[in-house]
Amino acid sequence: MRQKPTVLAREIVASSRLFRVEELQLRFSNGVERTYERLVGKGSGYGAVMIVALADAENALLVEEYCGGTDRYELSLPKGLIEPGEDVLEAANRELKEEAGFGARRLELLTELSLSPGYMSQKIQVVLARDLYPERLPGDEPEPMRLDKVSLHELSSLVQHPQFSEGRALAALYLARDLLTQRGEFGQ
């Protein structure tokens, strides 16, 4: 196993409402020194969830929302921050109710994904939600989110959709489909 670099110095060089930019001075085991920058979350850092909500045995729900990073409306999976006092599954069910208007009777933690490990410390918990029922909670979204569905049989064509570009959502959908297939719960 490789030895992690030694941190020679660490400093917050910029800060906004949501993020801090941390500069790291590092020395690698071969003596090479480099400066790295990374985004670190601000606040308590309870984490985030992304939900693969199955509307039925073959279709997952997508939500459409405005995304500041791409400056357009995008389709993705419901997701959001874990609030203080919530566990991952409680947060997933709350976010699903807020963003999609559904709760889930069956929730299962699938995995944890890094968002962009080269320059971000944040990770997201991927949750599979099944046995949905209608229930809406007020959320913090500035406008209602439109719902759409994607067939788990057609994930390879999802990347061609002009409103879909989120890699972590695509990875979560493939992970859910593969797990269900391995368990014999998803037909070919």
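Preceding this section is the structure that the text describes.
Scope of this entry: the structure provided in the associated data block. (Residues numbered from 1 in each chain as written. Predicted model: local features only at pLDDT ≥ 70, side-chain atom pairs only at ≥ 80, totals over all residues. Heavy atoms only, no water.)

## Considering the environment of Leu137
Here Leu137 shows up in the loop between strand E9 (123-134) and strand E10 (146-151). Judged by relative accessible area, Leu137 falls into the partly exposed class, the value being 30%. Expressed as a C-alpha distance, the spacing of Leu137 and Met120, which sit 17 residues apart in the sequence, is 30 Å. (Helix = DSSP H or I, 4+ residues; strand = E, 2+ residues; numbered from the N terminus. Buried < 20%, exposed > 50% of the residue type's maximum accessible area, 1.4 Å probe, protein only.)

## As for helix H1 (residues 88-100)
End to end, H1 covers 17 Å across 13 residues, agreeing with the expected 18 Å (1.5 Å per residue, within 8%). In terms of burial, H1 is largely enclosed, as 10 of its 13 residues are buried. All of the buried residues in H1 are Ala91, Ala92, Asn93, Arg94, Glu95, Leu96, Lys97, Glu98, Glu99 and Ala100. Where the residues of H1 are buried, they touch strand E4 (48-53), strand E5 (59-67), strand E7 (79-81), strand E8 (102-114), E9 and E10. (Expected span 1.5 Å × (residues − 1). Contact = heavy atoms within 4.5 Å.)

## Some thoughts on the sheet that holds E8
The strand order E7-E4-E9-E8 describes an open sheet built from four strands, whose pairing is mixed. Where the open sheet ends on each side, the last strands, each with one partner, are E7 and E8. If you compare each strand with its neighbour and ignore which way they point, the axes differ by 25° on average. Relative to E9, E8 runs antiparallel, the two sharing 11 bridges. Note that in E9 the partner of Ser114 across the bridge is Lys123. On the sheet, H1 packs against E4, E7, E8 and E9 and is oriented at approximately 115° with respect to E8. Its contacts with the sheet put helix H3 (residues 167-182) on E4, E7, E8 and E9, and the angle it makes with E8 is roughly 110°. (Pairing = 2+ DSSP bridges. Axes fitted to C-alpha atoms, helices over the stretch in contact; angles between N-to-C directions.)

## Regarding the sheet that holds strand E2 (residues 19-27)
Pairing in this open sheet of three strands is antiparallel, and the strands run E1-E2-E3 from one edge to the other. Two strands in the sheet have a free side with no partner beyond their single neighbour: strand E1 (6-15) and strand E3 (33-41). The sheet shows a mean angle of 25° between the axes of neighbouring strands, direction not considered. For E2 and E3, the ladder comprises nine bridges, and the chain directions are antiparallel. Of the residues in E3, the one forming a bridge with Glu23 is Glu37.

## A word on the environment of Asn30
Relative to the elements of secondary structure, Asn30 occurs in the loop between E2 and E3. With relative accessibility at 60%, the residue Asn30 sits in the exposed group. Polar side-chain contacts of Asn30 include one of 3.1 Å to the backbone nitrogen of Val32. (Polar contact = N/O pair within 3.5 Å; in protein donor to acceptor, adjacent residues only side chain to side chain.)

## Quick notes on the nonpolar core
For soluble globular proteins, nonpolar side chains are generally found buried alongside one another. Residues Val52, Leu77, Leu152 and Leu173 are the most contacted members of the largest nonpolar core, which totals 24 residues. Elements supplying a minimum of two residues to this core: E4, E5, E9, helix H2 (155-158) and H3. The element best represented in this core is H3, accounting for six residues. Beyond its immediate sequence surroundings of up to four residues, Val52 is in contact with Ala60, Leu77, Val126, Val127, Leu128, Ala129, Ala172, Leu173 and Ala176. Of all hydrophobic cores here, the second largest spans 15 residues; its members include Val63, Ala91, Ala104 and Leu132. (Core = buried A, V, L, I, M, F, W, Y, C linked by side-chain atoms within 4.5 Å.)

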